[in-house]
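Listed here are the chains, written in short residue letters.
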Amino acid sequence: MKHARVAIAGGSLGGLTAGLLVRDLGMDVTIYERSPAELEQRGAGIGFLPDSYRYLVERAGMPLDEISTFTTRIQYLSRDGGVTHDEPHSYRFSSWNMVYRSLLEHFGRDRYMLGCEMTEFASETGGVRIEFADGKTDEVDLLVLADGVSSRFRSQLLPGVRPEYAGYVAWRGMTPEASLDSSIRNVLDDAITYFIYANSHILVYPIPGLDGSLVRGERLMNFVWYRNYHDDGDLADVLTDSNGVQREISLPPGAARVHHVDELHAVARARLPSVIAAVVMAAPNPFLQVVYDVEVSRMAFGRACLIGDAAWVARPHAAAGTAKAAADGWALAAALESHDTVEEALAAWEPEQMQLGRQLLERTRRIGARSQFDGTWKPGDPELIFGLREPGR
Ligand SMILES: Cc1cc2nc3c(=O)[nH]c(=O)nc-3n(C[C@H](O)[C@H](O)[C@H](O)COP(=O)(O)OP(=O)(O)OC[C@H]3O[C@@H](n4cnc5c(N)ncnc54)[C@H](O)[C@@H]3O)c2cc1C
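Worth saying up front: this structure is predicted, and the values here are computed from it rather than measured. Throughout this description, residue numbers start from 1 for each chain and increase along the sequence as written. Given that this is a predicted model, residues contribute local features only at a pLDDT of at least 70 and side-chain atom pairs are listed and counted only at 80 or more, while totals for whole chains, interfaces and linings are drawn from all residues.

Caption draft 1: A look at the overall build of the protein. Numbering of helices and strands runs from the N terminus; a helix is a DSSP stretch of H or I covering at least four residues, while a strand is a stretch of E covering at least two. In terms of helices and strands, the protein carries 11 helices and 18 strands. Atoms considered for the radius of gyration are the C-alpha atoms alone. The globule rule reads 2.2 Å times the number of residues to the power 0.38. The C-alpha radius of gyration computed for the protein amounts to 21 Å, which stays within 12% of the reference 21 Å derived for 393 residues, consistent with globular compactness. A residue is called partly exposed when the number of other C-beta atoms within 10 Å of its own lies between 12 and 20, exposed at 12 or fewer, and buried at 20 or more, with C-beta atoms placed from the backbone. Burial analysis of the protein (393 residues in total) assigns 46% to the buried set. Contacts spanning at least 24 positions in sequence make up 70% of the contacts within the protein whose residues lie at least 6 apart. Two residues qualify as a contact pair if the distance between their C-beta atoms, derived from the backbone, is within 7 Å.

Next up, the structure:
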């Protein structure tokens, strides 16, 4: 298997990590990314868990302190801005851009094919035949499907599986620290800061600046604000962009209609503590991601496999989506290394990754229900700590 030919559909964080790891085994890897240009600021800030930075630190030799911010406390504010809960706990945060750029630099651009949309694949004796939108074809030994939450290949392989709307979306934005008053910066500086109110919650944390700066005052304050929208027209309306096109998964920066941004700002002013409202008000071009659950019944299909958000999708409350995608890649490389055939490796790889996805989905469903529907979110509850395998891990 050492020189096996491997194709990866999707060149985001999951596809890149798997591609790097499988290439490190000596395999001949090409990543095919549908987007015609290199990807940008997909997810703003990310909670940076050990699996998310493992490749960059262990294999690419990047010091963790150069690619992430560090917070030492978890704090909750009351409506009037008082601190109602303060707990020592360290987290690392990075930005989607920084992680993507670092992984891509390490993979190189020779075998990172932009503007290549994979459309079909068929397992044949001894290989997998793949097809692209431009009519080109190729034949490989292993196909890794890392095509994200709206994966066409998941739909083809598991036609009954659909992303299930969680009942709420995440409004997100990033505010340059420099644009915030120093009294606000002092409150938010080295903490992750939460505010919980009826059927909603918002969190704010510092991430690297757009130029990667980790210097205090040059970073960005990232917010994630979970807000409920009914599925009977309310959601479709907020997802209709400024050109009148209804999106399904997200609204990128600049696409939200002005009256929805005005409403966001009005609610921020009326209902959030003033320091958090200030971050929301000053964030240029807030954007939106719909929160979905996806539950799959299989991840391995002969010589092809689903990884990352193309397989299980869990709500963001454990900050573990990128970590899960990376963990799928690490386990895949280990299985390929210790088995004689691709089919045997994938069959051995699948059960643990299925369990990982299922556990994460169940945990994040419980957490989301507490704030968005049940009103039972309790600051200090150990289950709320970020982590892939369990809280804190
Ligand atoms: C609100 C929110 C907050 C989040 N916060 C965090 C966090 O703090 N920490 C964290 O770790 N995760 C977080 N996540 C989750 C994280 O963004 C995802 O889990 C992660 O990006 C999944 O990566 P992926 O590579 O599997 O898929 P994606 O990033 O979705 O990438 C899929 C790629 O496949 C490409 N593609 C699609 N179809 C084709 C095709 N046919 N051919 C070729 N290419 C194709 C797409 O263009 C895309 O680049 C958050 C998610 C949300 C919604």
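Caption draft 2: Region of the structure containing the environment of Ala18. Mapped onto the secondary structure, Ala18 falls in helix α1 (residues 13-24). In the structure, Ala18 is positioned 172 residues away from Asp190 in sequence and 32 Å away in space, judged by C-alpha atoms. Discounting chain neighbours no more than four positions away, the residues touching Ala18 are Ile8, Val144, Ala146, Ile307, Asp328, Gly329 and Leu332.

Caption draft 3: Molecular detail of the site of the ligand. Using the backbone to place each C-beta atom, any residue with that atom within 6 Å of a molecule or strand is considered near it. Taken together, the neighbourhood of the ligand is formed by 37 residues, with Gly10, Gly14, Gly148, Gly308 and Gly321 sitting nearest. Listed by contribution, the elements that provide at least two residues to the shell around the ligand are α1, β3 (45-47) and α10 (321-337). For the shell around the ligand, the element with the most residues is α10, which contributes 4 residues. Side-chain classes are defined by residue name, with Ala, Val, Leu, Ile, Met, Phe, Trp, Tyr, Cys and Pro counting as nonpolar, Asp, Glu, Lys and Arg as charged, and the others, Gly among them, as polar. A breakdown of the residues in the shell around the ligand according to their chemical character gives 16 nonpolar, 14 polar and 7 charged. Residue ranges for the domains originate in an automatic or database domain assignment. Looking at the shell around the ligand, you find at least three residues from each of domain 1 (5-37 + 114-162 + 294-364) and domain 2 (70-96 + 164-292).

Caption draft 4: Here's a closer look at the pairing of strand β2 (residues 28-32). When strand β1 (residues 5-9) meets β2, the two strands line up parallel, connected through 5 bridges. Looking at the pairing, Ile8 lines up with Ile31 of β2. Crossovers are marked right-handed if the path from the first strand over the helix to the second runs clockwise, as seen with the strands pointing away from the viewer. As a crossover connection, the stretch from β1 through α1 into β2 is right-handed. Following DSSP output, two strands are said to pair if at least two bridges run between them. Bridge analysis of β2 against strand β6 (residues 112-113) gives 2 bridges, and the strand direction is parallel. Across the sheet, Tyr32 pairs through a bridge with Met113, a residue of β6.

Caption draft 5: View of the sheet that holds β1. An order of β6-β2-β1-β10-β18-β17 is seen for the 6 strands of this open sheet, with the pairing classed as mixed. The outermost strands of the open sheet, each flanked by one partner alone, are β6 and β17 (300-301).

Caption draft 6: Here's a closer look at the nonpolar core. In these notes, a nonpolar core means any group of buried Ala, Val, Leu, Ile, Met, Phe, Trp, Tyr and Cys residues linked to one another through C-beta atoms within 7 Å. Leu145, Cys305 and Ile307 are the most contacted members of the largest nonpolar core, which has 122 residues in total. If we ignore the near neighbours within four places in the chain, the residues touching Ile307 are Gly14, Ala18, Val144, Leu145, Ala146, Ala325, Asp328, Gly329 and Leu332.

Caption draft 7: Up close: the packing of helix α2 (residues 50-59) against α10. The N-to-C vectors of α2 and α10 enclose an angle of 55 degrees; their axes lie 7 Å apart at closest approach. Put simply, α2 runs oblique to α10. Two secondary-structure elements touch here, α2 through Asp51, Ser52, Arg54 and Tyr55 and α10 through Thr322, Ala323, Ala326, Ala327 and Trp330. Interaxial angles span 0 to 180 degrees and are taken between N-to-C directions of axes, which are lines fitted to C-alpha atoms, for helices over the stretch in contact. Working rule for angles: under 35 degrees goes down as roughly parallel, over 145 as roughly antiparallel, 65 to 115 as roughly perpendicular, anything else as oblique.

Caption draft 8: Spotlight on the sheet that holds strand β11 (residues 164-176). The mixed open sheet is built from 9 strands, whose spatial order is β3-β5-β4-β12-β13-β14-β11-β16-β15. Sheet topology places β3 and β15 (250-251) at the edges, where each strand pairs with a single neighbour. The sheet contact formed by strand β13 (residues 200-207) and strand β14 (residues 220-228) spans 7 bridges and is antiparallel. Bridge pairing in β14 links Ile207 to Leu220.

Caption draft 9: Structural context of unusual backbone geometry. Residues other than glycine seldom take positive phi values, yet Asn285 does so here, at roughly 50 degrees. Secondary-structure assignment places Asn285 in the loop between α9 (274-282) and β16 (287-293). Overall, Asn285 belongs to the partly exposed group, with 13 C-beta atoms counted inside 10 Å. Positive phi, normally seen in glycine, also occurs at Ala319, with a value near 50 degrees. Looking at the element boundaries, Ala319 is found in the loop between β18 (304-306) and α10. A count of 25 C-beta atoms within 10 Å places Ala319 in the buried class.

Caption draft 10: Just the domain arrangement of the protein, in detail. Domain annotation of the protein identifies domain 1 (5-37 + 114-162 + 294-364) and domain 2 (70-96 + 164-292). Of note, the centres of domain 1 and domain 2, computed from C-alpha atoms alone, are 31 Å apart. Taken residue by residue, the interface counts 7 residues in domain 1 and 7 residues in domain 2. Split into classes, the residues belonging to the side of domain 1 that touches domain 2 amount to 4 nonpolar, 1 polar and 2 charged.

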